[in-house]
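# Structure assessment
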Amino acid sequence: MSNNKDTVIAVDGLVKQFITSEFTTVAAVNGVSFELPGEKMIAIKGPSGCGKSTLLNLIGALDKPTAGSIVVDGIKVSELDGVSEAEYRLKKVGFVFQYYYLIPGLTALENVMLPMDLRGMKRKKQEIGARQLLERVGIDASRQARRPTRLSGGEQQRVAIARALANGPAIILADEPTGNLDSKTSTRIVELLHSLTQEGRTVIVATHDADIAARAEMVLEMKDGKLIGQSRGKL
Amino acid sequence: MGTVRRSLRNLIRSPLRTGAIVTILSVSIGLALIMVTVHGATENQLGSIAQQIGTEITVQPAGRFGTMGGNGTLAQEDVDKLSDIPHVVSVQESVQTQYTGDGLQSAVEQGGPGGGSFPGGFRMGIIVMGLDTATENPALMGGGQMNITEGRYFTTGENNADVMVVGQALADKNSLSIGSTVGINGTSVQVIGIYDSGQVFGNNMLIMPVGTVQSLFNLGGVTSVTVQADDVNNVDAVVSSIRGIFATDVADVTTAQDMYQRINSSVANAQSASTIAMIAGFAVAAVVILFSVILMVRQRVKEIGILKAIGASNRQIELQLGGEALAMSVMAAIVGALITYALAQKVANLLVTSSGGGFGNPGGGGLFGGGVTNVAGVSVAVSPEVFLYALGIAIALAVVASIFPARYISRIKPAEVLRYE
């Protein structure tokens, strides 16, 4: 693995195995190595079950690798545990999920305030910051007090993006962010995600949608847990 | 919004679930609190009964009842050994016999069929009682306490003096007053006091110092000894030691304990029942809150996964769930305390009644009659401290409820719970 000064994420020999219900071992990610530059939108492309979500989860410390290493901004993610793992997820990365995963009992505003609250920020500051973020992603004040069930899918995903940005992470990990949206809304969400790179963030999107991949500065292509190619960028 | 705020919001979010859990918890906490209160009340009652039982032990010649029956007197040399028994604080000797002279007339006439004294009726004999000169406010045979209305009682130096105190009725019947003398077995005995015991039989007695009675009636010992133990718990040991001095064919040894046995066992049974119910109440409350939190955790696995994914630590999630458990416990504790105020006395009555009932004469009109409330009835005063107990229980339950799910929470992997919708 090289030590390119622009490298933000370095993955080396990454393996993630699962044990199936038949007690056989399946490698969702099988010996993947790559380096990613910062401040770009990177797409991980491939068919369902190719391991792209697992790869994203490993980078985001939502799961632990079976073997190999992940280094994000100098942090050895694969070696984190307990409090340091939670802190990494709280400050370093922001997640955007296909099904939004907003807390249903909280309003849009409160959902965005939640990561700030977990960080111990004062309530007034949380509210100001959350309102700004919601405005930024296109949720106006009249809809900020609504609960997720009273928002459209596109709006919910915007709230989820605002939540991912709440603590100012350097990396946004989006797993099929448009998988549940119509094409028009999808385009807007992709534009929104792409715009985040202008703020100096790295956005990694796992998708099987070629249109989204087309907007990315770099595309990693996966199949059966392996990296089978890249396009428009360096690996 | 803070962990506490999130906890409370989550409770309001599911009012039905919260209401159901708080209701069940309230009942179990209420039960536990009622039992804590009843337990305390029964303990006080047992203490009170112990006081009532007293520490008196009576030793009399075997088969003797009052002035009748039995094998004469208890030998003085054996009586003298009683004060050396451990836990004995006092020994009061007395001797009783019957006046056999003809200088005095009994004040008690037992009516015949016509109701008059004669013919068909008879006069009750005059009882002569020899008492320890140091005895203060002595109890008299037939009931009642000696209340000097004229003159005085004996002084400690008069143990063999020819003096006596007579009952009011006997004095009236025989026109006796302070300074009068009565010839008894050839000795002139002076009246130094007149008393009123409030009892017909009690007022028909001649009271003299023990030594005087022994001398006048030629008695070599005493007819009754009242031994005082230092503590009700030592009565049995003292009785056992007395038995070592007086064999069963020589003396009868009685205590008040038998008389109170039923009341004591009734309240003791109620206390046992309240202890069991208290433990059951605590156990049910602990199980309810524990299962509630486990259920809460299992139902909200996805939410916990989301919280972890956005950076919540295990501790933050545990605190949030612990806060919810605490809030529910506190609500239940307040309701439980209010239930206690309303029901503690009723439950106590129920427990005492079902644990043996009262002790009384047939018809319930006697000293201990009229059901359990006179003596065995437990009076439950619910103090404001019950709220402190409730708060203590609530905190303890919340702690219990938070410990077990903690391990489960730490094992939840966000990638797994968020993998599938």
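In this convention, every chain numbers its residues from 1, walking through the sequence in written order. As a convention, the first chain written is A and the first ligand written is 1, with the rest following in written order. This being a predicted model, a pLDDT of at least 70 is required before a residue's local features are given, and a value of 80 or more before pairs of side-chain atoms are given or counted; all residues contribute to the totals for chains, interfaces and linings.

Here a strand is any run of E in DSSP of at least two residues, a helix any run of H or I of at least four, and the numbering for each starts at the N terminus. Each helix and strand in chain A was counted, giving 8 helices and 10 strands. With 235 residues in all, chain A has 48% of them scored as buried. Considering only residue pairs separated by 6 or more positions, chain A has 67% of its internal contacts joining residues 24 or more positions apart. Put simply, a residue is buried when 20 or more other C-beta atoms lie within 10 Å of its own C-beta and exposed when 12 or fewer do; between those, it is partly exposed, and each C-beta is set from the backbone. Any pair of residues counts as being in contact when their C-beta atoms, constructed from backbone geometry, are within 7 Å of one another.

What follows deals with the overall build of chain B. Helix and strand content of chain B: 11 helices and 14 strands. Split into buried and exposed, the 421 residues of chain B put 40% on the buried side. In chain B, the share of contacts with a sequence separation of at least 24, taken over all contacts with a separation of at least 6, comes to 81%.

Bringing the packing of helix α6 (residues 153-165) of chain A against helix α7 (residues 183-195) of chain A into the picture now. Residues and elements named next belong to chain A. Every angle, taken between N-to-C directions, lies between 0 and 180 degrees, and every axis is a line fitted to C-alpha atoms, over only the stretch in contact when it is a helix. One way to put it is that α6 packs onto α7 with a least axis distance of 10 Å and a crossing angle of 10°. Relative to α7, the element α6 lies roughly parallel. Counting all contacts with α6, which are made through G153, G154, Q157 and I161, the residues of α7 involved are T185, R188, I189, L192 and L193. Tallied by class, the residues present in the contact of α6 with α7 amount to 4 nonpolar, 4 polar and 1 charged. Roughly parallel refers to an angle under 35 degrees, roughly antiparallel to one over 145, roughly perpendicular to one between 65 and 115, and oblique to any angle outside these ranges. Charged means Asp, Glu, Lys or Arg here, nonpolar means Ala, Val, Leu, Ile, Met, Phe, Trp, Tyr, Cys or Pro, and polar covers whatever is left, Gly included.

Another aspect to go through is the pairing of strand β2 (residues 25-37) of chain A. Residues and elements named next belong to chain A. Only when DSSP finds a minimum of two bridges between them are two strands counted as paired. Relative to β2, strand β1 (residues 7-19) runs antiparallel, the two being bridged by 10 bridges. For Q17, the partnering residue across the bridge sits in β2 and is A27. Where β1 folds back on β2, the antiparallel hairpin that results is connected by 5 residues, among which F23 adopts a positive phi of roughly 65°.

Another aspect to go through is helix α3 (residues 108-118) of chain A. Taking burial as the measure, the 11 residues of α3 of chain A include 11 buried ones, the bulk of the element. Trailing α3 of chain A by a residue or two, G120 of chain A shows a phi angle of about 90°, which is positive.

What follows covers unusual backbone geometry. Residues and elements named next belong to chain A. The backbone of A61 shows a phi angle near 60°, a positive value even though the residue is not glycine. The topology assignment puts A61 in the loop between α1 (52-59) and β4 (67-72). Residue class for A61 comes out buried when judged on the 28 C-beta atoms lying within 10 Å of it. One non-glycine residue, D224, lies in positive phi territory at about 50°. Tracing the chain through its elements places D224 in the loop between β9 (218-223) and β10 (226-231).

Another point: the interface of chain A and chain B. In this assembly, 21 residues from chain A lie in contact with 18 residues from chain B. Elements that contribute at least two residues to the side of chain A that touches chain B include exactly α2 (82-91) and α3 of chain A. Considering each element in turn, the side of chain A that touches chain B owes the most residues, 6 residues, to α3 of chain A. Here the residues of the side of chain A that touches chain B are counted per class, giving 13 nonpolar, 2 polar and 6 charged.

With 121 residues, the main nonpolar core has V112, L134, A162, L193 and V205 of chain A as its most contacted residues. By residue number, the principal contributor to this core is helix α9 (residues 314-354) of chain B, which donates 13 residues. For L134 of chain A, the contacting residues outside a window of four places in its chain are A108, L109, V112, I139, Q144, V159 and A162 of chain A. Y195, M205, I207 and V213 of chain B belong to the second largest nonpolar core, which has 47 residues in total. By definition, a nonpolar core groups buried Ala, Val, Leu, Ile, Met, Phe, Trp, Tyr and Cys residues that connect through C-beta atoms lying within 7 Å of each other.

Let us look at the pairing of strand β7 (residues 171-175) of chain A. Residues and elements named next belong to chain A. Taken across its 5 residues, β7 has 5 buried, putting it largely inside the fold. By the alternation rule, side chains of β7 split into I171, L173 and D175 and I172 and A174, which are all buried. Here strand β6 (residues 93-96) runs beside β7; their pairing, made up of 4 bridges, is parallel. If you follow V93 over to β7, its bridge partner there is I171. Looking at chain direction, β7 and strand β8 (residues 202-207) are connected through 5 bridges and run parallel. In the strand pairing of β8, I171 is matched with T202.

It is worth spelling out the packing of helix α4 (residues 123-136) of chain A against α6 of chain A at this point. All names here are of chain A. Between α4 and α6, the shortest axis-to-axis distance is 9 Å and the interhelical angle comes to 135°. It follows that α4 is oblique to α6 by the angle criterion. For α4 against α6, the interelement crossing comes out right-handed. Contact with α4, carried on its side by L133, L134 and R136, involves V159, A162 and L165 of α6 and no other residues of that element. Per-class residue counts for the contact of α4 with α6 are 5 nonpolar, no polar and 1 charged. Crossing handedness: left-handed means the near helix sits turned counterclockwise from the far one by under a right angle, and right-handed means the same turn made clockwise.

To continue, consider the environment of A27 of chain A. Residue and element names in this part refer to chain A. Examined against the element boundaries, A27 turns out to sit in strand β2. For the pair A27 and G225, spaced 198 residues apart in the sequence, the C-alpha separation amounts to 6.6 Å. Among residues more than four places away in sequence, those in contact with A27 are V15, K16, Q17 and G225.

As a further point, take the confidence of the model for chain B. Caution applies to low-pLDDT regions: their predicted coordinates should not be interpreted in detail. Residues and elements named next belong to chain B. Each residue gets a pLDDT score, which is the predictor's confidence in that residue and runs from 0 to 100. When pLDDT is averaged along chain B, the result is 78, and 81% of the positions lie at 70 or above. Averaged pLDDT values over the elements of chain B bottom out at 62 in strand β5 (residues 122-123) and peak at 93 in strand β8 (residues 163-167). Counted against residues more than four places away or in other chains, residues 356-376, with its pLDDT under 50, gives 39 contacts.

Right, let's talk about the sheet that holds strand β5 (residues 75-76) of chain A for a bit. Strands in a sheet are paired, the pairing made by backbone hydrogen bonds, and the direction either parallel or antiparallel. Residues and elements named next belong to chain A. Pairing in this open sheet of 4 strands is antiparallel, and the strands run β2-β1-β4-β5 from one edge to the other. The open sheet has two free edges, formed respectively by β2 and β5, since each of these has just one partner strand. Looking at chain direction, β4 and β5 are connected through 2 bridges and run antiparallel. Paired with V71 across the bridge in β5 is K76. Where α1 meets the sheet, it contacts β1, β2 and β4, and its direction lies at approximately 60° from that of β2.

It is worth spelling out the sheet that holds β6 of chain A at this point. Residue and element names in this part refer to chain A. Pairing is mixed in the open sheet, where 6 strands are placed in the order β6-β7-β8-β3-β9-β10. Of all strands in the sheet, those with a lone pairing partner are β6 and β10, marking the two edges. Neighbour-to-neighbour, the strand axes of this sheet turn through a mean angle of 20°, independent of strand direction. When strand β3 (residues 41-45) meets β9, the two strands line up parallel, connected through 4 bridges. Considered in β9, the bridge of I44 is made with L220. With respect to the sheet, α1 is in contact with β3, β7, β8 and β9, its orientation differing from that of β8 by roughly 150°.

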